[in-house]
Amino acid sequence: MPVSISLSVNGRTFDVEVEPTEMLVNVLRERLGFVGTNKVCSQGICGACTVLLDGLATTSCLLLAAQADGCEVTTVEGLERDGELSVLQEAFLRHGAVQCGYCTPGFLMTATALLRNNGDPTRDEIVDGVRGNICRCTGYAKIVDAISSAAKTLRAAK
Ligand code: FES
Ligand code: FES
C-alpha cells in the first residue's frame, strides 16, 4: 500500500505517494524529474546516484524513499546558484574531469560533502573521500585535481 512522504529537494517541498519498496533514486528521477541523479548499478557500488541527504552523501539507490520522509535532499541540480555553476562544477569542467559524464553527478555530490567537512583536504584525503565513486573514463587524476582546485578557490574566497 502506498505511503505519503514529504521531501525537500533542492529547497522545494514535494508531497508524494510512494510504494514501500520504492527507492529514493527512482522517486527523484521518475516522479520528480531530477534526472541529473544517475542510476547505473542500483547496488550501491558505483556511486553515480549519490545525493546529499540532510547534508550527508548517500547512495540513493540503496535508500527507500520512505526512509527519506521529512529529509532535505540535494541533487546535482541543486548545486548551481542563480544560474551559475558551483565552484566545484566549474573546476570539473576546467580540469577535464568530465568525459562521458555518467559518474559526474555522483562525484560532485560526494565532493561537495567532502569539502564542507574538510576545506583543505590532502590528495590522499580526496582519494579516500571519493572511494565510493567509480569512474571508467578519466583515470581519477583529473577528478582529484578538480576537487583540490575547488578547495583552494573556496578557501581563497573566505
Ligand atoms: S546506482 Fe547507486 S551506487 Fe550505483
Ligand atoms: S566520466 Fe565516464 S564514468 Fe566517469
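All of these numbers come straight from a predicted model, not from anything done at the bench.

Turning to the domain arrangement of the protein chain, a few remarks are in order. Partitioning the protein chain into structural domains gives domain 1 (3-76) and domain 2 (87-156). Each of domain 1 and domain 2 has a C-alpha centre, and these two points are 22 Å apart. Contact with domain 1, which involves 15 residues of that partner, is made by 14 residues of domain 2. Of the roughly 1,100 Å² buried at the junction of domain 1 and domain 2 (both faces included), carbon and sulfur atoms supply 62%. Counting every contact that joins domain 1 to domain 2 gives 3 residue pairs in polar contact (both at pLDDT 80 or more).

Its boundaries defined by the atoms lining it, the largest pocket holds a volume of some 330 Å³. Lining the largest pocket are 15 residues, and of these Leu88, Thr112, Leu115, Arg116 and Leu154 sit closest to its centre. Looking at the lining of the largest pocket, the elements that each hand over two or more residues are helix H2 (87-94), helix H3 (104-117) and helix H5 (141-156). A breakdown of the residues in the lining of the largest pocket according to their chemical character gives 6 nonpolar, 5 polar and 4 charged. The volume enclosed by the second largest pocket comes to roughly 210 Å³. Around the second largest pocket, the lining residues are Val40, Ile45, Cys46, Ala48, Cys100, Tyr102, Cys103, Ile134, Cys135, Arg136 and Cys137. Of the residues belonging to the lining of the second largest pocket, the class tally is 10 nonpolar, no polar and 1 charged. Residue assignment places the lining of the second largest pocket across two domains, with domain 1 (3-76) and domain 2 (87-156) each supplying three or more.

The next subject is the nonpolar core. Across soluble globular proteins, nonpolar side chains have a tendency to be buried as a group. Leu88, Phe92, Phe107, Leu108, Leu115, Ile143 and Ile147 are the most contacted members of the largest nonpolar core, which totals 24 residues. Elements represented by at least two residues in this core include exactly H2, H3 and H5. In contact with leucine 108, other than residues within four places in its own chain, are Val76, Leu79, Leu88, Gln89 and Phe92. Membership of the second largest hydrophobic core comes to 18 residues, among which are Val9, Phe14, Leu28 and Val73.

One open sheet holds the 5 strands; their spatial order is E2-E1-E5-E3-E4, and the pairing between them is mixed. Of all strands in the sheet, those with a lone pairing partner are strand E2 (12-18) and strand E4 (56-59), marking the two edges. Adjacent strand axes in the sheet meet at a mean angle of 40°, parallel and antiparallel pairs treated alike. Of the pairings in the sheet, the one linking strand E3 (residues 50-53) to strand E5 (residues 72-74) comprises 2 bridges and is antiparallel in character. Looking across to E5, one finds that leucine 52 is bridged to threonine 74. Packing against the sheet, helix H1 (residues 24-31) makes contact with strand E1 (3-9), E2, E3 and E5, and its axis sits at approximately 110° to E2. Each of E3, E4 and E5 is contacted by H3, which is oriented at about 35° to E3, the strand it contacts most.

The rules behind each value
Residues numbered from 1 in each chain as written. Chains lettered and ligands numbered in written order. Predicted model: local features only at pLDDT ≥ 70, side-chain atom pairs only at ≥ 80, totals over all residues. Heavy atoms only, no water. Domains from an automatic or database assignment. Contact = heavy atoms within 4.5 Å. Buried area = accessible area lost by both parts, 1.4 Å probe. Polar contact = N/O pair within 3.5 Å; in protein donor to acceptor, adjacent residues only side chain to side chain. 1 Å grid on protein atoms, 1.4 Å probe; cavity = no way out; pocket = protein on both sides within 12 Å on 5 of 7 lines; lining within 4 Å. Points joined across faces, edges and corners; volume = space filled by probe spheres on them. Helix = DSSP H or I, 4+ residues; strand = E, 2+ residues; numbered from the N terminus. Nonpolar A, V, L, I, M, F, W, Y, C, P; charged D, E, K, R; others polar. Core = buried A, V, L, I, M, F, W, Y, C linked by side-chain atoms within 4.5 Å. Buried < 20%, exposed > 50% of the residue type's maximum accessible area, 1.4 Å probe, protein only. Pairing = 2+ DSSP bridges. Axes fitted to C-alpha atoms, helices over the stretch in contact; angles between N-to-C directions.

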